[in-house]
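Residue-level structure breakdown
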Amino acid sequence: MLDILEMFWAQVSATPDVAAIIHAGNRMSYASLAQLNREMASAILSASQNTNPKVLIAVRQSPSAYAAMFGTLLTGGTFCPINVDGPVQRNIHIVRSFIPDVLLFDSSCPKEILEESPAVAHRINVDEVPPTELDSRPHECNEMAYVVFTSGSSGLPKGVKASRKAVSYVVHSEQQYYRVTNGDRWSQYSNLGYDMGIMDVFQALCHGATLVPITGPLNRVMPARAVKDSEVTIWQSVPSVLELMIQGNEVSSDLLGSLRLMIFCGEPLLPRQLEVLFDACPQLTVFNAYGATETTGFNTINQLTKDNFRASCGSSTVAIGNDVQGWTVELDGDGSPEEGEIVIVGDNLSLGYWQDEERTRMAFKQRRKGSEVTRAYHTGDYGRRIDGNLYCQGRLDRQVKIRGERIELEEIDDFLRQSGYPAAYSILHGGEVHSFVECSSYIDEAQVRTQMQKELPVHALPKLISIVTSLPKNANGKVDRQELERLASGGAE
Amino acid sequence: MSCPDPYDIVADALRSKREDLNINSGKYRTHGWDSFGHLAVILALERTCGIAIDNASVEEYATMKAILELFEKQCYAEA
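Conventions and cut-offs
- Residues numbered from 1 in each chain as written.
- Chains lettered and ligands numbered in written order.
- Predicted model: local features only at pLDDT ≥ 70, side-chain atom pairs only at ≥ 80, totals over all residues.
- Heavy atoms only, no water.
- Phe/Tyr/Trp six-rings, centres within 6.5 Å; stacked < 30°, edge-to-face > 60°.
- Helix = DSSP H or I, 4+ residues; strand = E, 2+ residues; numbered from the N terminus.
- Buried < 20%, exposed > 50% of the residue type's maximum accessible area, 1.4 Å probe, protein only.
- Lys NZ or Arg CZ within 6 Å of the ring centre and 35° of its normal.
- Contact = heavy atoms within 4.5 Å.
- Buried area = accessible area lost by both parts, 1.4 Å probe.
- Salt bridge = Lys/Arg side-chain N within 4 Å of Asp/Glu carboxyl O.
- Polar contact = N/O pair within 3.5 Å; in protein donor to acceptor, adjacent residues only side chain to side chain.
- Nonpolar A, V, L, I, M, F, W, Y, C, P; charged D, E, K, R; others polar.
- 1 Å grid on protein atoms, 1.4 Å probe; cavity = no way out; pocket = protein on both sides within 12 Å on 5 of 7 lines; lining within 4 Å.
- Points joined across faces, edges and corners; volume = space filled by probe spheres on them.

Focus: the packing of aromatic side chains
Residue and element names in this part refer to chain A.
- The final tally for this structure, using the stated rule, is 13 aromatic pairs over all chains.
- Judged by centre distance (5.6 Å) and plane angle (45 degrees), the rings of Tyr189 and Trp235 are tilted. Of this pair, Tyr189 sits in the loop between strand S9 (185–188) and helix H8 (195–205) while Trp235 is found in strand S11 (residues 234–237), placing the two residues 46 residues apart along the sequence.
- Here Tyr189 falls in the buried class, since its relative accessible area comes to 8%.
- An aromatic cluster of at least three residues, connected via ring pairs, comprises Phe8, Trp9, Tyr30, Phe70 and Phe202.
- Above the plane of the ring of Phe98 lies Lys54, whose end atom (NZ or CZ) is 5.8 Å from the centre.

Looking at the interface of chain A and chain B
- Taken residue by residue, the interface counts 21 residues in chain A and 19 residues in chain B.
- The largest per-residue losses of area from chain A upon contact with chain B belong to Pro217(A), Val221(A) and Val458(A), which jointly make up 29% of the total buried on that side.
- Scanning the region where chain A abuts chain B turns up zero salt bridges.
- The interface formed by chain A and chain B holds six residue pairs in polar contact (both at pLDDT 80 or more) in total.
- When its residues are assigned to classes, the side of chain A that touches chain B shows nine nonpolar, seven polar and five charged.

A few points about unusual backbone geometry
Residues and elements named next belong to chain A.
- At Ala24, a residue that is not glycine, the phi angle is positive and equals roughly 50 degrees.
- Mapping Ala24 onto the fold places it in the loop between strand S1 (19–23) and strand S2 (26–29).
- Note on Ala24: relative accessible area 69%, which makes it exposed.
- For Asn249, which is not a glycine, the phi torsion comes out positive at approximately 55 degrees.
- In this fold, Asn249 is placed in the loop between helix H11 (239–247) and helix H12 (253–256).

Comments concerning the environment of Val84(A)
Residues and elements named next belong to chain A.
- The residue Val84 is located in the loop between strand S4 (78–81) and helix H4 (88–98) in this model.
- Separated by 227 residues in the primary sequence, Val84 and Ala311 place their C-alpha atoms 41 Å from one another.
- Setting aside chain neighbours within four positions, we find Val84 in contact with Ala58, Val59, Arg60, Asn91, Ser108, Cys109 and Pro110.

Overview of empty space enclosed by the protein
Residues and elements named next belong to chain A.
- With the rule as written, the count across this model stands at one cavity of 30 Å³ or more.
- Of the pockets and cavities examined, the largest cavity occupies roughly 50 Å³.
- Lining the largest cavity are Val59, Arg60, Gln61, Ile82, Asn83, Val84, Asn191 and Leu192.
- Counted by class, the lining of the largest cavity contains four nonpolar, three polar and one charged residues.

Structural data, given as structure tokens:
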């Protein structure tokens, strides 16, 4: 199996003049992108003496951002992309935790990140990288390709390490489903701070497609227009973006007619959304996939067409399909093989959590069978087979997904306790966060919310913060979630 | 013609309460005002104020302050 860089170079060598990226009306060929990758690598190596530099990428979706990713891998290093539009304090935590050797930034990088970085990093403006050639000596590659930070239950985001071998495997194995070619145009909607955004880049550019970053204020809220304008053929996002198109009355053959594939992952896809989609675009093939950041890529996938999708709608969500080659999906329940926690077994799981051995040991279990050792990741998702189809039916713990963004409710509670509330407990009610707090003295909620905006993603901001005399407890002394659900529905304390 | 209350329009678009909004409210700052909320706000402004939906308007009307200024301009012009 080829490494991701080898896959990319194969495309450069086979079709140097094909467009690798079309962005803001400009076209960049594979040969030009390869040159930019080398210049980026050269700049990183000039700045850092480390053999395998750690590179923080604070650049919005653009050719420079993609070259920063490839350039880091060329040096043998590890990159960590951040969401430049994310909460400032959260990004500062990532900088402090990752401790980059080099910070690659552009004009979208918040000043707080630049102010945070001088002590720990060499800073390079990606728009001012000099056109120098990369020296030809080989660079030994780190086994880690990148680190992405997700919501953590300790109140701070946690880094998930993706191995270069696993990323190569995922890019290679998913091609059997998508069959990407030179004629394809692959959308790049997801922020690069998320693994789906990173995979857009490798999936497209390692298979010869043209990558189309979906940027600009209008395209971000009305993305179907960008599909039409750029003649996108493959779309990948969380289902919430499909919902955004539905709400904007954008799901039509006029706007989405160029698409041949839509790939959804990261949250439940709904039967209603598929009805709307296939009604407007019967030519489409839709993949509903399941995977976690900790499993690098997709572990199950369901290929849906207008003719077969109803057979996968036996629940309130769409079935997540069958095991992708190289992965085994098990349901760990109380006796029944038909339901339980979804456990992913395979050789290409994440290397673990960034600088957190204990959490890594707890989440990734080793299994021995004779001399063979495999690893299993317990996802915390609850799965159930109905009529032979596997459905993901929510979480077993307090992690929730709101519009595709992973949020640990414990992180919100932790913030509220740090703000002075003696006790706090948040629930997801009607798709929104509702926090309950105990409060014995005056606390300025407006001030708490202002600070919260700086530290938590917008989806984690509670719709309501309700003061209760004391959090209701069940017979085991644990917070009574059912009682909080009742209170959230308007019941009296 | 009386000028509609911009707070009511934005609260209605975001499905939130009027009292949850203030002059500092804005996209990615206020509960519900994410990309979905912003789309709803822009569509509501198109309906009530006739703004054109383009890059400039989507970027400009991302804060309560900018929306208040838009209403002030429109009402002042009508008066």
